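# A look at the structure
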Amino acid sequence: MNAVGIDVSKGKSTVAVLQPFGVVVASPYDVLHTGSDLKELVVFIKKLHGETRVVMEATGTYYEPIARYLHENGIFVSVVNPILINDFGGNTLRKAKTDRKDAIKIAAYTLNYWSDLREYIPEIDLRKSLKMLNRQYHFACKTQTSLTNNLIAMIDMTFPGINKVFTSSARDIDGHLKWVDFVMKFPHKDIIAKMTPSVFKKKYHSWCKENGYQFRNSKAEEIHEFSRECVSAVAIDDSILLIIEQACTLLNAALKNSHTLRSEMKRIAAMLPEYETVMNLYGVGDIVGPQLIAEIGDTRRFHSRKAITAYFGYDSEPNDSGQRISKSNHITKKGSSALRRTLFNIMTTMIQTQPTDNPVYQFIDKKRAEGKHYYCYMTAAANKFLRIYYAKVNEALNLQENPSG
């Protein structure tokens, strides 16, 4: 039994090899993440006598190149949650932490849990791309929210409340919002207020036609009347107008970026076998569906429905001691925060639409009737939804693989 512990960091890894009873086959040494160094590591591992298993921590994305390289060269690799390594005491009270000590600790963990190690199987490229797109989409949404708040804060000085006059959703072709494009054209309320209603109506009609928006006489009259009643905090100034124009340009770029990412996520998700099953679940739409598939991945990698809820941190850990028996505990939150946010959005949709024939909503309604706290029934319902997702997707995937069965 050769236990190879690899402590992964950016650009290099520290490798140690142990055998049972504390036999050190290789003291910790560094391996660069280059083709030549990894090739030498493969040769060294394959020369070891007996069965060899390699273990490393799931440290961001740093572990993936080396784990994939070793797997493709026929070496058993297992990637474990860093929490498991951290909780593995190593029979010492000292908390010294170095790459060399961590590599030995991982090797010792490998020997201790030898029979429980699960082999690392790289995700297919489609799933990897979808997950990367989803992470970029979440980042783009944060940027978009920040830029939106910034623009609203500025127009509150020049044209307060104009963003609420427009209720249309984002445009399908590029994700632009009508009020943002309008503010870029008319950044100050005095620009409109000084026009006669007929003159503004002509300009507004021309602007709508040029930008591909729907024109309505009633909306033109509403905007003109609003500008007359509106009170601005600053007068028209070239510097103010320039700042608002730049803010609109940045926000439009962010809106287009988010739209592009959503479109690509939907395209890739549609190529995966569980897409139709996921999209048929209540509360799942064009945005949420690809996000669920991206974060959960292939459900067949989880051995049970309990495993999937534990993996994403939607289970609670027992905390009993002596005569004390806990009845309610916080969820562990050890998994993907992006998935938890997505599931929370689905639960919010169910509460708003109230589908009385849906088992998840029935569960929410039951818990609310029992007087449970908001976050308690939202979390419990998300857990239930995740288990239903696991069962239905697994059933669909198995049916696709074995249509005769």
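As shown above, the structure is provided for reference.
These remarks concern the structure in this document. This one's a predicted model, so the numbers in the text were calculated from it and none came from an experiment.

### Quick look at the overall build of the protein chain
- Across its full length, the protein chain carries 17 helices and 5 strands.
- Against the 2.2 N^0.38 benchmark of 22 Å for 405 residues, the protein chain shows a C-alpha radius of gyration of 28 Å, more extended than a compact globule.
- The C-alpha extent of the protein chain, read off along each of the three principal axes, is 90 × 55 × 55 Å.
- Within the protein chain, contacts between residues separated by at least 24 positions form 66% of all contacts whose residues are at least 6 apart in sequence.
- Carbon and sulfur atoms form 52% of the exposed surface of the protein chain, whose accessible area is close to 22600 Å².
- Taking the 53 positively charged and 42 negatively charged side chains of the protein chain as two groups, their mean positions are separated by 3 Å.

### Comments concerning the pairing of strand β1 (residues 2-8)
- Along β1, 7 of the 7 residues are buried, which leaves the element largely enclosed by surrounding structure.
- Covered by surrounding structure in β1 are N2, V4, I6 and V8 together with A3, G5 and D7, the residues of both alternating faces.
- In terms of strand pairing, β1 meets strand β4 (residues 52-57) through 5 bridges, oriented parallel. In the sheet register, I6 faces β4, and the bridge partner there is M56.
- Of the pairings in the sheet, the one linking β1 to strand β2 (residues 12-19) comprises 6 bridges and is antiparallel in character. From the neighbouring strand, A3 faces β2, where its bridge partner is L18.
- Linkage of β1 to β2, two consecutive antiparallel strands, is achieved through a turn of 3 residues, within which G11 is found at a positive phi near 90°.

### Quick word on helix α4 (residues 99-112)
- In this model, α4 (14 residues) spans 20 Å end to end at C-alpha, consistent with the 20 Å of a helix rising 1.5 Å per residue.
- Burial in α4 covers these residues: D102, A103, I106, A107, Y109 and T110. Each buried residue of α4 sits inside an arc of 155° when the element is viewed along its axis, so together they form one side.
- Those residues of α4 that are buried are in contact with β1, β2, β4, β5 (77-80) and α3 (82-87).

### Describing the packing of helix α7 (residues 178-185) against helix α9 (residues 197-211)
- With their axes 12 Å apart at the nearest point, α7 and α9 run at an angle of 125° to one another. Viewed along their axes, α7 and α9 adopt a mutual orientation that is oblique. α9 is crossed by α7, and the crossing has right-handed handedness. Here K178, D181, F182 and K185 of α7 come into contact with α9, specifically with F200, Y204, W207 and C208.
- Taken together, the residues of the contact of α7 with α9 sort by class into 5 nonpolar, no polar and 3 charged.

### Considerations on the nonpolar core
- Counting residues in hydrophobic clusters, the biggest one holds 41 residues, and the most contacted among them are L292, I296, I346, M347 and F385.
- Every element with two or more residues in this core is listed here: α5 (125-158), α11 (238-269), α12 (275-279), α13 (288-296), α14 (305-311), α15 (337-353), α16 (359-369) and α17 (374-401).
- A per-element tally of this core places α17 first, with 10 residues.
- With residues near it in sequence (within four places) discarded, I346 still touches Y282, G283, V284, V288, L292 and F385.
- In this structure, I155, F186, A220 and L255 belong to the second largest nonpolar core, which totals 30 residues.

Rules used in this analysis
Residues numbered from 1 in each chain as written. Predicted model: local features only at pLDDT ≥ 70, side-chain atom pairs only at ≥ 80, totals over all residues. Heavy atoms only, no water. Helix = DSSP H or I, 4+ residues; strand = E, 2+ residues; numbered from the N terminus. Rg over C-alpha atoms; globule rule 2.2 N^0.38 Å. Contact = heavy atoms within 4.5 Å. Areas by Shrake-Rupley, 256 points an atom, 1.4 Å probe, with all protein chains shown as cover. Lys, Arg positive; Asp, Glu negative; His and termini not counted. Charge placed at Lys NZ, Arg CZ, Asp CG, Glu CD. Buried < 20%, exposed > 50% of the residue type's maximum accessible area, 1.4 Å probe, protein only. Pairing = 2+ DSSP bridges. Expected span 1.5 Å × (residues − 1). Arc of directions from axis to C-beta. Axes fitted to C-alpha atoms, helices over the stretch in contact; angles between N-to-C directions. Parallel < 35°, antiparallel > 145°, perpendicular 65-115°, else oblique. Left-handed = near helix turned anticlockwise from the far one by under 90°. Nonpolar A, V, L, I, M, F, W, Y, C, P; charged D, E, K, R; others polar. Core = buried A, V, L, I, M, F, W, Y, C linked by side-chain atoms within 4.5 Å.

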